There are 2 protein chains.
Amino acid sequence: MAIQTPYVAVDGVIKIFEDERFKGIVLIERKHEPLGIALPGGFVEVGERVEDALVREMREETQLEVSIEKILGVYSDPRRDPRFHVVSVTFLCHASGTPKGGDDAKNAMIYRLEEIPWDRLLFDHAQILRDFLLGK
Amino acid sequence: MAIQTPYVAVDGVIKIFEDERFKGIVLIERKHEPLGIALPGGFVEVGERVEDALVREMREETQLEVSIEKILGVYSDPRRDPRFHVVSVTFLCHASGTPKGGDDAKNAMIYRLEEIPWDRLLFDHAQILRDFLLGK
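These numbers come from a predicted model, not from an experiment.

**So, the layout of surface pockets**
Residues and elements named next belong to chain B.
Phase 1: By volume, the largest pocket is sized at about 550 Å³.
Phase 2: Around the largest pocket, the lining is made up of 33 residues, and of these G41, G42, F43, R83 and D104 lie nearest the centre.
Phase 3: Among the elements of the structure, β1 (7–18), β2 (21–30), β4 (41–43), α1 (50–62) and β6 (86–95) are those that each provide at least two residues to the lining of the largest pocket.
Phase 4: In terms of residue count, α1 provides more of the lining of the largest pocket than any other element does, four residues in total.
Phase 5: When the residues that make up the lining of the largest pocket are grouped by side-chain class, the tally is 13 nonpolar, seven polar and 13 charged.

Right, dumping it as structure tokens:
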């Protein structure tokens, strides 16, 4: 049976807390095409649960150990990634500490919610962050 | 770039209402291996949003036109399907009318919640239905 489905990926909206104070969310600067600012994330591996993929990808791209809160949404518009069709299971999660770029992320930084670089966000990550801010 | 991820599928917990009265949920009898009772569902096609895949699969397997309420969960245990690794985006939805089997479903029937055939449910659909009943 030849089955063809979209790729599955995970993305994370990571809320950073320090001493119980909210400091902002984490965005990365991508090392590979398409270049720009994005939520940290990556492909789910065969044999891996999406929750495990999320923790692994956040660790690889931001060096943070995240705690998952919930699924924010499943984003699956065929045009959301210019390369091919990727379904993103997007998680809301939190962590403490200072993010540091790694793997596919040249940099990983904390952004205050009032300083999100909306015009530089890749994929549908502006929509995802608006959904997050609207409490969806 | 050779990317390998699990397959993506959708499953639906369809609540049936007639004249505003709740009648139960829809389960199907599968036509192909693995044989047994399951939630209606199927693979997402490349180029298709998961919401559109859900409406299409529910129509193909139950002849019902469903309205989506929300995502109940994303089920991704690598062993949930004995054949290969399938990530299921599972939706809560509702419809009216009488289900009728079609496509991969030999039969489609309404089950009262107190008459769910727990021991005959395939995949992780017993867990999904317990999550639904627990209001997750």
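**Some words on the packing of aromatic side chains**
Phase 1: Applying the stated criterion across every chain, the model contains eight aromatic pairs over all chains.
Phase 2: Look at B:F43 and B:F84: their rings are 6.2 Å apart centre to centre, the planes differ by 55°, and that puts the pair in the tilted class. A residue pair is termed long-range when its members are at least 10 positions apart, and B:F43 in strand β4 and B:F84 in the loop between β5 (67–75) and β6 qualify at 41 residues.
Phase 3: Using a relative accessible area of 22% as the deciding quantity, one classes B:F43 as partly exposed.
Phase 4: Within the aromatic cluster, the residues linked to one another by ring pairs are A:Y7, A:F43 and A:F84.

**Notes on helix α1 (residues 50–62) of chain A**
All names here are of chain A.
Phase 1: Taking 1.5 Å per residue, 13 residues should reach 18 Å; α1 reaches 18 Å between its end C-alpha atoms and fits that length.
Phase 2: Buried within α1 we find V50, A53, L54, R56, E57, M58, E61 and T62.
Phase 3: Q63, located one to two residues past α1, shows a positive phi value of around 65°.

**Concerning the confidence of the model for chain A**
Phase 1: Overall, the prediction assigns chain A a mean pLDDT of 96, with 99% of residues at 70 or greater.
Phase 2: We note a pTM of 0.96 for the whole complex and an ipTM of 0.95 for its interfaces.

**So, the relation of the copies chain A and chain B**
Phase 1: Of the transformation superimposing chain A on chain B, the axial component is 0.0 Å and the angular component is 180°, with the fit at an RMSD of 0.0 Å. Here the transformation between the copies is reduced to the relation of a two-fold axis.
Phase 2: When you check the interface residues of chain A against chain B, 100% turn up at the interface there too, and the contact is symmetric in its surfaces.

**Overview of the interface of chain A and chain B**
Phase 1: Contact with chain A, which involves 26 residues of that partner, is made by 26 residues of chain B.
Phase 2: Carbon and sulfur atoms make up 72% of the surface buried where chain A meets chain B, a total of about 2200 Å² over both sides.
Phase 3: The largest contributions to the chain A side of the interface with chain B come from A:I3, A:T5 and A:V74, which together make up 23% of the buried area.
Phase 4: Linking chain A with chain B are zero salt bridges, by the criterion used here.

**Structural notes on unusual backbone geometry**
Residue and element names in this part refer to chain A.
Phase 1: Each neighbour pair has its own omega, and for E33 with P34 the value is -10°, a cis peptide bond.
Phase 2: When you line up the elements, P34 lands in the loop between β2 (21–30) and β3 (37–38).
Phase 3: In this structure, D103 is a non-glycine residue whose phi angle is positive, near 55°.
Phase 4: Tracing the chain through its elements places D103 in the loop between β6 (86–95) and β7 (105–111).

The rules behind these values
- Each chain has its residues counted from 1, following the order in which its sequence is written.
- Labels are handed out in written order, letters beginning with A for the chains and numbers beginning with 1 for the ligands.
- Note on the predicted model: pLDDT of at least 70 is required for a residue's local features to be given, and 80 or more for side-chain atom pairs to be given and counted; whole-chain, interface and lining totals, by contrast, use all residues.
- The side-chain figures draw on all heavy atoms in the structure; neither hydrogens nor water molecules are used.
- Computed over the protein atoms alone on a 1 Å grid, cavities are sets of points where a 1.4 Å probe fits but cannot get out and pockets are open sets with protein on both sides within 12 Å along at least five of seven lines; a residue lines them when it has an atom within 4 Å of a point.
- Grid points are joined across faces, edges and corners, and a volume is the space filled by probe spheres set on the points.
- Numbering of helices and strands runs from the N terminus; a helix is a DSSP stretch of H or I covering at least four residues, while a strand is a stretch of E covering at least two.
- Gly is placed with the polar residues, together with every amino acid not listed as nonpolar (Ala, Val, Leu, Ile, Met, Phe, Trp, Tyr, Cys and Pro) or charged (Asp, Glu, Lys and Arg).
- Working definition: a ring pair exists when centres of Phe, Tyr or Trp rings (six-membered ring for Trp) sit within 6.5 Å. Plane angles under 30 degrees give stacked, over 60 give edge-to-face, the rest tilted.
- Three exposure classes are used, based on accessible area relative to the maximum for each residue type with a 1.4 Å probe and protein chains only: buried under 20%, partly exposed in between, and exposed over 50%.
- In a helix, the anticipated span is given by 1.5 Å times the number of residues less one.
- pLDDT is defined as a per-residue confidence score from the predictor, taking values between 0 and 100.
- When the copies are overlaid, the least-squares fit takes in C-alpha atoms only where the residue has pLDDT of at least 70 in both copies.
- Residue contacts are counted whenever heavy atoms from the two residues lie within 4.5 Å of one another.
- In short, buried area is how much 1.4 Å probe accessible area vanishes from two parts on joining, totalled over both.
- Salt bridge, as used here, is a side-chain nitrogen of Lys or Arg placed within 4 Å of a carboxyl oxygen of Asp or Glu.

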